[in-house]
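Chain by chain, the residues:
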Amino acid sequence: MRHVPAPNAPATDAFVALLTDEGRALLDELRDFDPAQELATATRLRRDHPAELVSAAIGQARLRQRAVAKFGAEDAYRMFFTPNGVEQATRAGVAAYRARRFEALGVRRLADLCCGIGGDAIALARAGIEVLAVDRDPLTCEVARANAAALGLSELIEVRCADVAEIDTSSYDAVFVDPARRGGRGRIFDPEAYSPPLSWAIEAARTAPHAALKIAPGVPHEAVPEDAEAEWISDGGDVKEAVLWFGTDAGTRRATLLPGGASLVGRGLPDPAVRPVGRYLYEPDGAVIRAHLVAEAAAELGDSGPDGGLIDETIAYVTSDELRPTDYATAYEITDVLPFNLKKLKAIVRERGIGIAVIKKRGSAVEPEELRKKLKLSGPHSCVIVLTRVAGAPAMLLGQPVRA
C-alpha cells in the first residue's frame, strides 16, 4: 500500500507507537479493560511501560469498546480509532449494504473521498472493490492505513493524505463522498457547511459513471438534485443516513430497512384518506417517513379492503381494521382510543396493573418521560401508550404490539 508519511505530530507519534509490538501487547492486555478502574490500571501499567504509551493504549481501548456497537467485537478489537472516527464512521452493516450496491453496479475501482478511519473502504474492499481512500488529516490517514493492514485488506486499499479537491477521479468507476457533518460546535445541518460542501460533492459525483454521497437523513427534499436517487437507510429501526446516488434511477426516492434489506420505492401515490382509528395501528419505519413514502407503505399493507387510512392528515400513523403483514411498519393492536386526559390515563393504568409502558409520541406536546413519572406505574402487566392527534384533536391510544 502506498502512502504519504504523516508529519511528526505528537498525536500521530503516539498512535504509531501503538503499532509496535509493545503497543499491540498493551492493547491485547486492555481488551477487557474496565473504565471504572482506569486510574489503577494506568498506575500498574506505567511501572513497565512509558506513560505516553500507556495513555494512548488506554484511550484506544476505550474507543474499541465504543466501536463494538458499530463494527462488532471481532473487527473492533483488531481495528484502530479516533474519537471523531468512532462517532462519524458508518455502521458496518450499512457500509456492507452500500458496498453490495456498488458491486451490483459493476464497480471495480472506487475513490472514497473523506474516508475517515476507513469503515466504508473496508466494506468496499471486502466486496472485491479496489479503493483509493482519501482524507486530509494525517492522523486519520494513519488510522485508516492501520485498519486496512489489520484486516488484511492492504492490497485493495490505498490510503492517500490529501485534499479531496486535488484528487483526479477520472480513472475510477465510481466516487463515494462522506463529507464531515460535525464541527467544533457539534452537528452541522446546513449542507453547504459540510466539509466539503454538498454542492462540491454533487459536482464531483457527476464526473463519475456512478457515485454515492452520504448526507444527513434530515436533508430537505428540495435539496435533492433532480438527477439523483435519494435513499434513506435505517438499521434496526433507527434512521442512520441518507444517500444521494448518481448513475442509478434519477428522481427515485427509496427507503431501505436493514438488516433485512427490504427496500420501498416511491411511486408518487397520494396520501391515504383520514379515517377513524381501527383495531390496528401501524407505525412506519423512520426511513419510510423521512423518504415521504408513508402512502407507499400503506399500499404495501395489502389489497384486502379499502379500510386503511391515516388517523390525522399531518400524522404518519396508518390504521386499519384488519391485520396485514408489512416490512415497513410496526403494528399495534389498539384497545382504547380516548381524548388525552391525564387523570383518566392514571386511572386506567392503575386499574389494569400496568407496571411497564412503552410511551410513544407523534404530534403531541406531552413529553413521555415526564408522563411516565406522573403515571407512577406499578403492576405485572404492560401496554403501549401512543400520544398523538386523531382528526386534529389530542388523543391517547392504548394497546399491545402485534407479535410477528
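Residues numbered from 1 in each chain as written. Predicted model: local features only at pLDDT ≥ 70, side-chain atom pairs only at ≥ 80, totals over all residues. Heavy atoms only, no water.

### A closer look at the pairing of strand E7 (residues 210-215)
Applied cut-off: Buried, partly exposed and exposed residues are distinguished by accessible area as a fraction of the type maximum, computed with a 1.4 Å probe on protein chains only: under 20%, between the cut-offs, and over 50%, respectively. Here a strand is any run of E in DSSP of at least two residues, a helix any run of H or I of at least four, and the numbering for each starts at the N terminus. A pair of strands is treated as paired once DSSP finds two or more bridges between them.
Most of E7 sits out of view: 6 of its 6 residues are buried. Residues His 210, Ala 212 and Lys 214 point to one face of E7 and Ala 211, Leu 213 and Ile 215 to the other, with burial holding for every one of them. Looking at chain direction, E7 and strand E9 (residues 238-246) are connected through 5 bridges and run antiparallel. In the strand pairing of E9, Lys 214 is matched with Val 243.

### Comments concerning the layout of surface pockets
Over the atoms rolls a probe the size of a water molecule, and its path tells where empty space is left. The condition that has to hold: Detection works on a 1 Å grid of protein atoms alone, calling trapped sets that fit a 1.4 Å probe cavities and calling open sets with protein on both sides within 12 Å along at least five of seven lines pockets, with lining residues defined by an atom within 4 Å of a point. Grid points are joined across faces, edges and corners, and a volume is the space filled by probe spheres set on the points.
Within this model, the second largest pocket holds a volume of roughly 380 Å³. In terms of lining, the second largest pocket is formed by 20 residues, of which the most central are Thr 326, Asp 327, Ala 329, Thr 330 and Ala 331. Residue assignment for the lining of the second largest pocket shows that the elements contributing at least two residues are strand E12 (280-284) and strand E15 (329-339).

### Considering the sheet that holds strand E3 (residues 157-161)
The cut-off we apply is this: Interaxial angles span 0 to 180 degrees and are taken between N-to-C directions of axes, which are lines fitted to C-alpha atoms, for helices over the stretch in contact. Throughout, a residue-residue contact means that at least one pair of heavy atoms, one from each residue, lies within 4.5 Å.
Pairing in this open sheet of 9 strands is mixed, and the strands run E3-E2-E1-E4-E7-E9-E8-E10-E11 from one edge to the other. A strand with exactly one partner marks an edge of an open sheet, and here the two such strands are E3 and strand E11 (262-265). Averaged over neighbouring strand pairs, the angle between their axes works out to 20° when direction is ignored. Here strand E4 (residues 174-177) pairs with E7 via 4 bridges, running parallel. Counterpart to Val 175 in the pairing with E7 is Ala 211. Its contacts with the sheet place helix H8 (residues 119-126) against strand E1 (109-113), strand E2 (130-135), E3 and E4, and it is angled at close to 175° to E2. Contacting E2 and E3, helix H9 (residues 138-150) runs over the sheet at an angle of about 170° to E3.

### Details of H9
Condition: Helix span, expected: 1.5 Å multiplied by one less than the number of residues in the helix.
Counted at 1.5 Å a residue, the expected span for H9 with its 13 residues is 18 Å, and the 18 Å between its end C-alpha atoms agrees. When we look at burial in H9, the residues that qualify are Thr 140, Cys 141, Glu 142, Val 143, Ala 144, Arg 145, Ala 146, Asn 147 and Ala 148. Of the residues trailing H9, Gly 152 is marked for its positive phi of about 70°.

### Regarding the pairing of E3
Side-chain direction in a regular strand flips from residue to residue, so the side chains alternate between the two faces of the sheet. The following threshold applies: Assignment of crossover handedness uses the view with strands pointing away from the viewer, where a clockwise path from the first strand over the helix to the second indicates a right-handed crossover.
Across the 5 residues of E3, 4 count as buried, placing the element largely inside the fold. In terms of handedness, the path from E2 via H9 over to E3 forms a crossover that is right-handed.

### Digging into the nonpolar core
Quick reminder of the rule: Think of a nonpolar core as a cluster: buried Ala, Val, Leu, Ile, Met, Phe, Trp, Tyr and Cys residues, connected wherever their side-chain atoms sit within 4.5 Å.
With 58 residues, the main nonpolar core has Phe 71, Phe 81, Phe 102, Leu 110, Val 131 and Ile 157 as its most contacted residues. Ranked by residue count, the leading element in this core is helix H4 (residues 51-71), at 9 residues. Listed in part, the 38 residues of the second largest apolar core include Tyr 172, Val 175, Ala 211 and Val 219.

### Section: the packing of helix H3 (residues 38-45) against H4
Note the threshold: Oblique is the label for any angle not under 35 degrees, not over 145, and not in the 65 to 115 range, which are roughly parallel, roughly antiparallel and roughly perpendicular in turn. Crossing chirality is assigned from the near helix's rotation relative to the far helix, an anticlockwise turn below a right angle marking it left-handed and a clockwise turn marking it right-handed. Asp, Glu, Lys and Arg are counted as charged, while Ala, Val, Leu, Ile, Met, Phe, Trp, Tyr, Cys and Pro are counted as nonpolar; the rest, among them Gly, fall into the polar class.
In contact at an axis separation of 10 Å, H3 and H4 are set at 140° when each is read in the N-to-C sense. Compared by their axis directions, H3 and H4 come out oblique. Two packed elements cross with a definite hand, and for H3 against H4 that hand is right-handed. Side by side, H3 and H4 meet where Glu 38, Ala 42 and Leu 45 of the first sit next to Val 54, Ile 58 and Arg 62 of the second. When the residues that make up the contact of H3 with H4 are grouped by side-chain class, the tally is 4 nonpolar, no polar and 2 charged.

### What about the packing of aromatic side chains?
Worth spelling out the cut-off: Two rings from Phe, Tyr or Trp (for Trp, the six-membered ring) form a pair when their centres sit within 6.5 Å of each other. Planes less than 30 degrees apart are called stacked, planes more than 60 degrees apart edge-to-face, and all others tilted.
Across all of its chains, the model carries 3 aromatic pairs by this definition. An angle of 90° between the planes, with centres 5.5 Å apart, marks the rings of Phe 15 and Phe 80 as edge-to-face. Taken as a pair, Phe 15 in helix H1 (residues 10-18) and Phe 80 in the loop between helix H5 (73-76) and helix H6 (83-88) lie far apart in primary sequence, 65 residues in all. Pair check on accessibility: Phe 15 and Phe 80 agree, each one buried. With a centroid separation of 5.0 Å and an interplanar angle of 55°, the aromatic rings of Phe 102 and Trp 245 are classed as tilted. You can see Phe 102 sitting in helix H7 (residues 92-104) and its partner Trp 245 sitting in strand E9, a full 143 residues away along the chain. What makes Phe 102 buried here is its relative accessible area of 0%. Given a relative accessible area of 1%, Trp 245 falls into the buried group.

### Let's talk about the UniProt feature "domain: Methyltransferase" (unreviewed entry) in the protein
Short version of the rule: UniProt positions are given in the numbering used here, feature names are shortened, and annotations may be inferred rather than shown by experiment.
When the UniProt feature table is mapped to this numbering, "domain: Methyltransferase" (unreviewed entry) covers residues 112-177. Spanning residues 112-177, this segment combines 32% helix with 26% strand, and its end C-alpha atoms are found 6 Å apart.

### A closer look at the pattern of salt bridges
As a reminder, the rule being used: A carboxyl oxygen of Asp or Glu within 4 Å of a side-chain nitrogen of Lys or Arg is what we treat as a salt bridge.
Inspection of every chain in the model, using the stated rule, returns 27 salt bridges. Note that Arg 206 and Glu 203 form a salt bridge whose closest N and O atoms lie 2.7 Å from each other. Classification of Arg 206 as partly exposed rests on a relative accessible area of 41%. Between Arg 275 and Asp 321 there is a salt bridge, with the nearest N and O atoms lying 3.0 Å from each other. You can see Arg 275 sitting in the loop between E11 and E12 and its partner Asp 321 sitting in the loop between strand E14 (318-320) and E15, a full 46 residues away along the chain. With relative accessibility at 18%, the residue Arg 275 sits in the buried group. Because the salt bridges share partners, they merge into one network encompassing Arg 98, Asp 120, Asp 178, Lys 214 and Glu 241.

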